[in-house]
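The primary structure of each chain is shown beneath.
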Amino acid sequence: MVVMTHSKNPTSADNQQERLAYWIVGFVDGEGTFSVSLNRNSTTTTGYQVFPEFVITQGAKSLSALQEIQGYFKCGKIYENRRFDNHRESLYRYVVRSFNDLTTIIIPFFQDHCLKTAKQNDFRYFCKVIELMREKKHLDQTGVEMVRGITDQMNRRAKILRH
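What counts and what doesn't
Residues numbered from 1 in each chain as written. Predicted model: local features only at pLDDT ≥ 70, side-chain atom pairs only at ≥ 80, totals over all residues. Heavy atoms only, no water. Axes fitted to C-alpha atoms, helices over the stretch in contact; angles between N-to-C directions. Helix = DSSP H or I, 4+ residues; strand = E, 2+ residues; numbered from the N terminus. Parallel < 35°, antiparallel > 145°, perpendicular 65-115°, else oblique. Contact = heavy atoms within 4.5 Å. Nonpolar A, V, L, I, M, F, W, Y, C, P; charged D, E, K, R; others polar. Salt bridge = Lys/Arg side-chain N within 4 Å of Asp/Glu carboxyl O. Buried < 20%, exposed > 50% of the residue type's maximum accessible area, 1.4 Å probe, protein only. Expected span 1.5 Å × (residues − 1). Pairing = 2+ DSSP bridges.

Caption draft 1: Spatial organisation of the packing of helix 4 (residues 119-134) against helix 5 (residues 141-151). Following both chains from N to C, one finds helix 4 and helix 5 inclined at 170°, their axes separated by 9 Å at the closest point. With respect to helix 5, the element helix 4 is oriented roughly antiparallel. Listed contacts from helix 5 to Tyr125, Lys128, Val129 and Leu132 of helix 4 are Met146, Val147, Ile150 and Thr151. Looking at the contact of helix 4 with helix 5, its residues break down into six nonpolar, one polar and one charged.

Here it is in structure tokens:
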């Protein structure tokens with residue numbers, strides 16, 4: 001009689017997926033942004049539309065990295081931003097704007113794989129806004145002000161004191 005045992009060690013494919021996940025975390029720590037914009041929109045009752053997005057930006061030479069990340073998440077789009085300044089290559093942006101993709105793919109991923117830099121704080125604020133949106137609180141003036149208060153704390157750089 002043969003007894004089958006299940007190893008507690010992850011398979012090679014599992015290890016590769018986990019390594020890729022942590023590579024993505026490092027990449028996002030350096031090049032990613034969790035942002036929320038309040039855009040004026042006269043068709044809404046509050047006069048504003050809440051616009052959350054997850055973005056990673058890279059030059060054309062690193063487009064394949066964005067494509068690998070897009071393949072991993074299986075959502076979002078890559079946009080070319082042609083540059084007409086002194087840079088020699090276009091910029092590309094991997095962007096996830098779908099509320100469903102943000103709530104079911106992006107947020108759970110970064111809850112399971114924590115960012116290591118101050119970007120983790122922006123992620124927490126981003127999640128707070130997403131939760132307000134899930135509860136439909138962004139659809140009234142009080143909720144818009146709550147979102148504004150949260151977004152004022154996001155993506156802030158420390159002020160440099162000059163003497």
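Caption draft 2: Main features of the pattern of salt bridges. Counting across every chain of the model gives five salt bridges. Of the charged contacts, one joins glutamate 53 and arginine 93 as a salt bridge, the two residues approaching to 3.8 Å between their closest N and O atoms. With glutamate 53 in strand 2 (residues 48-59) and arginine 93 in strand 4 (residues 91-96), the pair connects residues that are 40 residues apart, well separated along the chain. Judged by relative accessible area, arginine 93 falls into the partly exposed class, the value being 26%. For glutamate 53, a relative accessible area of 10% puts it in the buried group. One network of salt bridges, with partners in common, ties together Glu53, Arg93 and Arg97.

Caption draft 3: Region of interest: helix 4. Taking 1.5 Å as the rise per residue, helix 4 with 16 residues should run 22 Å; its terminal C-alpha atoms sit 22 Å apart, in good agreement. Looking only at helix 4, the buried set comprises Lys119, Gln120, Asp122, Phe123, Phe126, Cys127, Val129, Ile130, Leu132 and Met133. Lysine 136 lies just past helix 4 and shows a positive phi near 65°.

Caption draft 4: Spatial organisation of the sheet that holds strand 1 (residues 32-40). Reading across the sheet, the four strands line up as 1-2-4-3 and stay open at both edges, with antiparallel pairing between neighbours. At either end of the open sheet lies a strand with only one pairing partner, and these are strand 1 and strand 3 (77-81). Across the sheet, the axes of successive neighbouring strands diverge by a mean angle of 35°, strand direction being ignored. With five bridges joining them, strand 3 and strand 4 adopt antiparallel strand pairing. Looking at the pairing, asparagine 81 lines up with leucine 91 of strand 4. Of the strands in this sheet, strand 1 and strand 2 touch helix 4, which is tilted by about 40° from strand 1. Those strands touched by helix 5 are strand 1 and strand 2, and its axis lies near 145° from that of strand 1.

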